[in-house]
Structure formats: C-alpha cells, structure tokens
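# Coordinates in review
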Amino acid sequence: MGIEVYRDSWGIPHIRAADHRELAYAQGQNAAFDRGWQLEVERHRAAGSSAAFLGEAARDWDVFARRVRLDDTARRCFRRLAEEDRETAGWVSSYVDGVNAGLAEGAARAPEFAATRLAPGRWSPWTPLAVWLSTHILFAGFPAKLWRRMVDARLGAGAVEVFATDGPGTAGSNGWLVAGERTADGGTLIAGDPHRFIENPGVYQQIHLACPEYDVVGFAVPGVPGLPHFGHTGGVAWAITNAMADYQDLFVERLRRRAGRIEALGPDGWQPATGHTETVEVAGAAAHEVEVVETGRGPVVAEVPGSAADGEWEALSLAYPPRVYGELGFPALPALLRARAVADVDAALDGWVEPVNVVLAADTAGGLLHRVAGTVPVRDEANLRGPVPAWEAAYAWRGRHAPMPSVPVTGGIAVMANERGPAAPFGAEFAPPYRAERIRELLSCGGPWRAGDMAAVHTDTLNASARPLLDLLAGLDGLGPAAAELRDRVLRWDLRMAADSADALAYARLRSAVVRALAAHPALAPLADPPPYPALLQPWLCLDTRIGFALGSLLTTGRLPEIDRPALVRAAAEETAAQLAAAAPDAPVTWGEAHRLAPWQALPAGAGGPGGSDDPGEPWPGPGLAGDHDCVLATAGVPGVTDLCARGPAARYVWDVARREESRWVVPFGACGVPGAPHHRDQLTLWQRGELIPVVTDWQALKESHGDR
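Think of each chain on its own: its residues are numbered from 1, step by step along the sequence as written. Local features are withheld for residues below a pLDDT of 70 in this predicted model, meaning they are given only at 70 or higher, and side-chain atom pairs are given and counted only at 80 or more; totals for whole chains, interfaces and linings count all residues. Values reported for side chains reflect all heavy atoms of the structure, with hydrogen atoms and water molecules removed beforehand.

What follows deals with the nonpolar core. Residues F163, L443, M454, V514, L518 and W655 are the most contacted members of the largest nonpolar core, which totals 197 residues. For this core, the leading source of residues is helix α17 (residues 502-520), giving eleven residues. A contact between two residues is defined here by any heavy atoms of the two lying within 4.5 Å. Excluding anything up to four places from it in sequence, L518 contacts L524, I547, L551, L554, L555, I563 and L568. The set of buried Ala, Val, Leu, Ile, Met, Phe, Trp, Tyr and Cys residues whose side-chain atoms join them within 4.5 Å is what this entry labels a nonpolar core. Only protein chains enter the accessibility calculation, which uses a 1.4 Å probe; a residue is then buried when its area is under 20% of its type maximum, exposed when over 50%, and partly exposed in between. Per the convention used, a helix needs a DSSP run of H or I reaching at least four residues, while a strand needs a run of E reaching at least two, with both numbered from the N terminus.

Shown next, in the form of structure tokens:
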C-alpha cells in the first residue's frame, strides 16, 4: 500500500501506511511538513540552544534546559529504551527518520526560518523524548516549593495554606465521562479540554493514523510519535488531565570546591559532584556561560541567594523521575494505538512515568476506566511541602508508589478537573473545586446526552469563585453614590463571564482592585520581594499572581486577622467606581473587549518574523473571549495583573465511543503551522465561539473528496 496522506476540509492529515513502523515514519514526515518551524523550535528548546536564533528572550529558558539536563536525560532514557524495548525504540526512530526526511520541505514553507536565518537541523533518535521532557518539565510546578518555603519563613508555618490553589505555571484541564445510562444512544461519551498556555502553532495537532494493526484518531504532540493524551481507536477512547501530583523534589545542597572539583554533602558525607561549563549562544548579545552541576540527588537548577560562606555555598537540585530512573514510559505510546478495550489502555499506562495524569477511558463493550497514571516516588511528606536538606537520609526517595489508584465510575458520570480527587495522596496543591462541581452539576441535571450537546458544558461561564467577594460586597453600606451603584450592579450580575457582559467586566475591575489592595497590605508585605532566583522561576514567587488565583481563600480564611477585609473591599469599590467613571471613551466596556487572546509565539510580531497573524494589519492580542480562570470555560488571565488570556483550552474534544464518526474536536488555530496557509487559523473563530467540527473517519470519502497535501 505504501504511504497515503489525505486532507479533510479542515486540512487535518489522515495518514495510512503499510505497517506500524512506516506509519510512524509518515507521521514524522507530516509533522515536519505542517509544523517544521514548531518542531525545530522545540528541538532547540530541549537542547538549550534556542536563544541562538530567538535572542535574549529565550536565554533564561536555555540556561534552565542546560542546567536541568533535558537533552542528556532524553539520551539516557532512549538508551534504556533501546536496551529493554527495541521495538518501541525502533518505532520512535522511524518517526525521527520521517522528520528528517520532511524538514527541508517544511522549512521551505515556513517564513520564520528565513526571518531568523535558521537552517533546519537534524533530529536524533532521542529528540522526541527531549521534546516531551521540555514540554512537561514544569507540569509538576516544582518552583511552588520555593513559594511555600518563602511563605513559611516570612509569615510563619502553615500560612501558605491561605494561598493553596492552582498556581501559576501549572497546567490544568477539564475532562468528563458520561456512561451509556445517561446518553441518548446508550454509548459512552468522553469530552473535555486540556488547559495549557495557548501557543501559535498549537501544542496539539489533530490527526488520523491507520495501518493494518489499527485505525486511530486523536491529538498528537508535534515532535512526538503516537497520540499520548487523547485518542479513539474505534473500540476504545481515552483522555487525560493533569493529576496535580507532586513527583519532583527540590533538595537543598551544600557544595564546596576541593582541588578543582565540586563536592556535595549527602547522607554519607561529602561526595563528588559532576560539573562542567556550557555556552549558551544568544543572537544579538554576548554568549552566556553556564556551569552545569549534578549531585547524587539531581542537577542543580539554582543557587540559594546569600548562602556563600567559608568556601561553601548552598544550591537547589531537582530530582525528577526520568532523570532518576532513566525512563519516560514511551512503550505506552504504541500500546495505546493498539488498544481495543479499557483493559489495554489500563495495562499500557501501568508503565507511564511523566507527567502524572488522571485518565478516563471507555470501550464499546461498556468498560469504563478512571485512574491515575504515572510515577510518584515514595518519600517523606516534607518533600511535598518544600525543599529538603540533601544531607539527611530521611528525605531520600524510597521506590515508587504502585499500583496507582483507580476509582469506580458511579452514577454514570466521572469528572476530572485537577481537583482533590484520586491523586489526592500524591499532591500538595490542587485546583479549587469550582470547575469539577459545575461540570457534575451540568451533567447531572441535563441529558440524555449526545456528542453535539457537550459544547454547552465546554463553554459554561458561571464563575462560582466570585461569591466570596460578592458576599463581602453585599455587607457594605455607607458607600459613595458611584460605589453604591457599582455594588448594586455587581450584586445583580448573573455570575457569568460572558464576552458581551459589561457587568462581568465591572466585577473583574473590582476584583483586580481587591488583589492590588491585598498585595499592598502590610500583613503581606514580607512576600512582596521574592528572593533573586532565576527569572524563569519568578512567576511562582509573584505575590500579585498568587493573590489573584487564591482570592477566594484569602477573603474567607481565619488567618491574617490583621487584614480588615470589609474595609479593604470598600476602598477597592470606591477606587473601581472612580476608575470606571474616568475611563477613556475607547476603553473596554465588556469583558470580551478586555479579555483577549494573547498566545505565546516563539517569534512574536515585531521580532522580525511574519507577524502575529496571517493579516499583518491585525496584531495580537486577538479576539475577545468569554470565560475566566475558575469557569469551566477556563480562559485564564491573571487577576490584578492582566485581563489578557495566555492560558486556556489548547483543544476541545468529544469522543463518541460507540459511534466514532459522531465525535467532535477543535483547536485554537488550525491544522497547519505555516503562517498564511489556508488552514493555519481557520478554526480560530469556531474555537472562540465554542463550536466543534466533525471527526472524519471514512477513508473512502476522504479519497473521493480530498487529495493529499
């Protein structure tokens, strides 16, 4: 048969090949053709060499990638994979061969290569593993341990609990399963949306892969073979969310130099550490020298400020499972493609490593699965709360938790939304329950459900997290006329963050004023100036951001009694009313006019590239959005910092398990990563409106209606 590539009307690739390995080759070749620039950016980011063509904006990441040893860890994991599972290693290598075969043609299509004078490079067999590591190394949010340490030191033990919520930099998602007893046709539905930083091109690629062994649709991660997170084989479908598990540890290391070598203090005394210097090249600026140090715990990611004394100093090393164990769990990827039932999905994920996910799956025989998948080390509970001393044996890793929890699906509904659920024993911080509770409410009250009905859940904008602030607002009297009018207006609001809602914007303005007032309060002043850790880690240490995401807790906690919350809200209401009255004629008047999409791009508009959109006259930020951080429609700004949305649904899907042709999906931009191409951003308007497009699975219809690329 050879390789056949068809495109549906949205430009989504449908690829058939004669066998499993040839299909992996074809998937890699297609990724290079459609996403050549994206693939090369990710390869360089994993290697810590992206600043050489992206400039100083990429330097901090490259320094981190070198120090945390992403590329070396990927090599280590691939060596073990090749030793223990030659079949999977060969499958990954076939994907890489396809990427290398397609990169020249893909680069010729992408104007970013010419703009940066970047020549396409060559992928190594371990590069997909490096891309995966680079994409997920911050998923467990290990820098949050620095925040907890700072809060404990400056406000006292336990004070960090008032900030406990889904923190900056973590990635959440929604996912839900509706069993046949609650659907119109008796088949199970799985739906949801992964929440990530929105990137252009997107982190997920819609694709259809088939060979004699299987026929699967789902979302690929460009640069990685298979369909790791979301897929439908025709007999079984699966989806994931971030489990919010804590599986990475920071160790406080004591280091010293002796006879030109670095030593680290471990449980057995001073031991040699490895160290060498690497150079990060930076376009338009001087090169940056990086000392890469690794102890028996892991690579050093930051020095502890102000710790140097008597020839010794302290630093923070990072222990993360792929580095410690030399594996990523990639044998799960081809096993998922071959899955026929939930038992196959379950077995495949027993070997998964990182990131740790909550999984939902269902098959056409009525099988259901709700479990945690991934590797979580067994260690002291203190490791979850903050950095621990490397020289104390009590904090060493002592194996892995196994088996990972699995919970039954009861009442015909299962929900996963980063809340404290089946992964609770393994985490320190989880998302507030608002999204999970709202999804359960919607599913329980509606139905019988069809695939086309799920968009109403995806796009729900009820903001239950607003209630603590509104409760305080309702108790205020003696306000000035403008502030009293604002209070009454916001209290009449329906709690929906609709794009066309002026009341939602008024609430958001009031919320931001409260966040700023809390950040300026003397009780929280000790947290205003974070320690000078590397810039890449600073978002986890930003007081305004932490307050914005934990506002409900801060307004209702019994701790910090020195904060007069009614007085603070009163002052914020007066300030907000005055600002609204003095707003310029062209100021936003609805939530959607302020809450606009601001995607991350490796080469942003104005940086010498092709610009922020296909139309040079239309700069980003882009279209206005409904939703908010704690809505099911989780389009996240940072209250008190910005209304712009940088994180939100990186894809949406509905898997109709029994009738795959009834499934639906959408991505924020389009199937193609090439600016100006017809399918570069043809799904953006649909994504903005919450609409989904049909999943095409009929090969004969594809062959008759659409040609290849």
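Here we come to the pattern of salt bridges. Counted as salt bridges are all cases of a side-chain nitrogen of Lys or Arg within 4 Å of a carboxyl oxygen of Asp or Glu. Under the criterion given, the structure shown has 42 salt bridges. The closest approach of N and O atoms between R69 and D72, which form a salt bridge, is 3.9 Å. A salt bridge links E213 to R338, with the nearest nitrogen and oxygen atoms 2.6 Å apart. Of this pair, E213 sits in the loop between β5 (205-211) and β6 (214-220) while R338 sits in the loop between α10 (332-337) and α11 (342-349), placing them 125 residues apart in sequence. Looking at E213, the relative accessible area reads 35%, which means it is partly exposed.

The next point concerns the environment of R509. Structurally, R509 is set in helix α17. If we skip the residues at most four places from it in the chain, R509 touches T576, L580, P588, A594 and D643. Any pair of N or O atoms that falls within 3.5 Å is considered a polar contact. Within protein, one atom must be able to donate a hydrogen and the other to accept it, and sequence-neighbouring residues count only if both atoms are side-chain atoms. Here D643 takes part through its side chain, which lies 2.4 Å from a polar atom of the side chain of R509.

So, about the packing of aromatic side chains. Stacked, edge-to-face and tilted are the three classes for Phe, Tyr and Trp ring pairs, Trp counted by its six-membered ring, which pair at centre distances within 6.5 Å; planes under 30 degrees apart are stacked, over 60 edge-to-face, the rest tilted. Considering all chains together, one arrives at 19 aromatic pairs under this definition. Seen from their ring centres, Y6 and W699 are 6.3 Å apart, and the 65° between their planes marks the pair as edge-to-face. Residue Y6 is located in strand β1 (residues 4-7), and its partner W699 is located in helix α23 (residues 699-705); the two are separated by 693 residues in the primary sequence. W699 shares its class with Y6; the two are buried. Look at W493 and Y507: their rings are 4.8 Å apart centre to centre, the planes differ by 20°, and that puts the pair in the stacked class. Of the two residues, W493 is situated in the loop between α16 (481-492) and α17 and Y507 in helix α17; the sequence distance between them amounts to 14 residues. The residues W493 and Y507 share a single accessibility class, namely buried.

On to the packing of helix α4 (residues 70-84) against helix α5 (residues 86-109). Think of two packed helices as two axes; the pair is described by the angle between the axes and how far apart they sit. For the pair α4 and α5, interaxial distance at closest approach is 5 Å and the crossing angle is 125°. Classified by the angle between their axes, α4 and α5 sit oblique to one another. Residue-level inspection shows F78, L81, A82 and E84 of α4 in contact with α5, the latter providing R86, T88, A89, V92 and S93. Orientation is described by axes fitted as lines to C-alpha atoms, over the contacting stretch for helices, and by angles from 0 to 180 degrees between their N-to-C directions. Should an angle fall under 35 degrees it is taken as roughly parallel, and over 145 as roughly antiparallel, whereas 65 to 115 is taken as roughly perpendicular and any remaining angle as oblique.

The subject of this paragraph is the pairing of strand β2 (residues 13-16). Being paired, for any two strands, means DSSP has found at least two bridges between them. Here β1 runs beside β2; their pairing, made up of four bridges, is antiparallel. Across the sheet, the residue bridging to E4 is R16, located in β2. Taken together, β1 and the strand that follows it, β2, pair antiparallel across an intervening segment of five residues, in which G11 is found at a positive phi of about 75°. Sheet analysis places β2 next to β5, joined by three bridges and oriented parallel. Bridge pairing links R16 to A210 in β5.

What follows is about unusual backbone geometry. Between N200 and the following residue, P201, the backbone shows a cis peptide bond with an omega angle of 5°. In this structure, P201 sits in the loop between β4 (189-197) and β5. Between G447 and P448 the backbone carries a cis peptide bond, its omega angle lying at 0°. Tracing the backbone through its elements, the reader meets P448 in the loop between α13 (434-445) and α14 (455-458). Although it is not a glycine, R69 adopts a positive phi angle of roughly 65°. By the element assignment, R69 lies in the loop between α3 (59-68) and α4. Even without a glycine there, the phi angle at N418 is positive, about 70°. Residue placement: N418 occurs in the loop between β19 (413-416) and α13. Judged by its relative accessible area of 3%, N418 falls in the buried class.

Let's shift gears to the sheet that holds strand β17 (residues 368-373). Strand order in this open sheet of eight strands is β1-β2-β5-β6-β7-β8-β16-β17, and the pairing throughout is mixed. Each of the sheet's edge strands pairs with one partner strand only, and the pair in question is β1 and β17. Neighbouring strand axes in the sheet, compared pairwise and without regard to direction, differ in orientation by 20° on average. This element, helix α1 (residues 20-47), spans β1, β2, β5 and β6 of the sheet and lies at about 155° to β5.

The next point concerns the environment of G558. Among the secondary structure elements, G558 is positioned in the loop between α19 (551-556) and α20 (565-581). According to the relative accessible area criterion, G558 is exposed, its value standing at 70%. In this structure the C-alpha to C-alpha distance between G558 and V162, which are 396 residues apart in sequence, comes to 9.1 Å.

Looking now at the state of the cysteines. Among covalent bonds in proteins, the disulfide is the one between the sulfur atoms of two cysteines. The disulfide criterion is simple: two cysteine sulfur atoms within 2.5 Å. Enumeration over the complete set of coordinates arrives at zero disulfides. We note that C631 lacks a disulfide partner, and the nearest cysteine sulfur, in C645, lies 11 Å from it. A relative accessible area of 0% places C631 in the buried class.

A cavity here means a set of 1 Å grid points, computed over protein atoms only, where a 1.4 Å probe fits but cannot escape. A pocket is an open set with protein on both sides within 12 Å along at least 5 of 7 lines, and lining residues have an atom within 4 Å of a point. Grid points are joined across faces, edges and corners, and a volume is the space filled by probe spheres set on the points. When its volume is computed, the largest pocket comes out at roughly 1400 Å³. Lining of the largest pocket is provided by 49 residues; of these, R45, L138, F197, E199 and W600 occupy positions nearest its centre. At the level of elements, α1, α3, α7 (127-136), β4, α18 (543-549), β20 (636-638) and β21 (642-649) are the ones that each hand at least two residues to the lining of the largest pocket. Considering every element that reaches the lining of the largest pocket, the biggest residue donor is β21, with five residues. Considered class by class, the residues forming the lining of the largest pocket number 34 nonpolar, nine polar and six charged. Nonpolar residues are Ala, Val, Leu, Ile, Met, Phe, Trp, Tyr, Cys and Pro. Charged residues are Asp, Glu, Lys and Arg, and all others, Gly as well, are polar.

Within the chain, residue pLDDT values average 94, and 96% of them lie at 70 or more. Confidence of the predictor in every single residue is expressed as pLDDT, which spans 0 to 100. Under a pLDDT of 50 for its full length, residues 611-618 has, in the predicted model, 15 contacts with residues more than four places off or in other chains.

Further remarks concern the side chain of D628. If you trace the backbone, D628 turns up in the loop between α21 (591-594) and β20. Separated by 3.3 Å, the side chains of D628 and N463 make a polar contact. The contacts of D628, once residues within four sequence positions are left out, are N463, M497, R511, W591, L633, A634 and T635.

What follows covers α20. Between its first and last C-alpha, α20 extends 24 Å over 17 residues, near the 24 Å set by a 1.5 Å rise per residue. Residues of α20 that are buried make contact with α15 (467-474), α16, α17 and α19. A distance of 3.2 Å separates the backbone nitrogen of A567 from a side-chain oxygen at the start of α20, and that oxygen is part of D564. To estimate the expected span of a helix, subtract one from its residue number and multiply by 1.5 Å.

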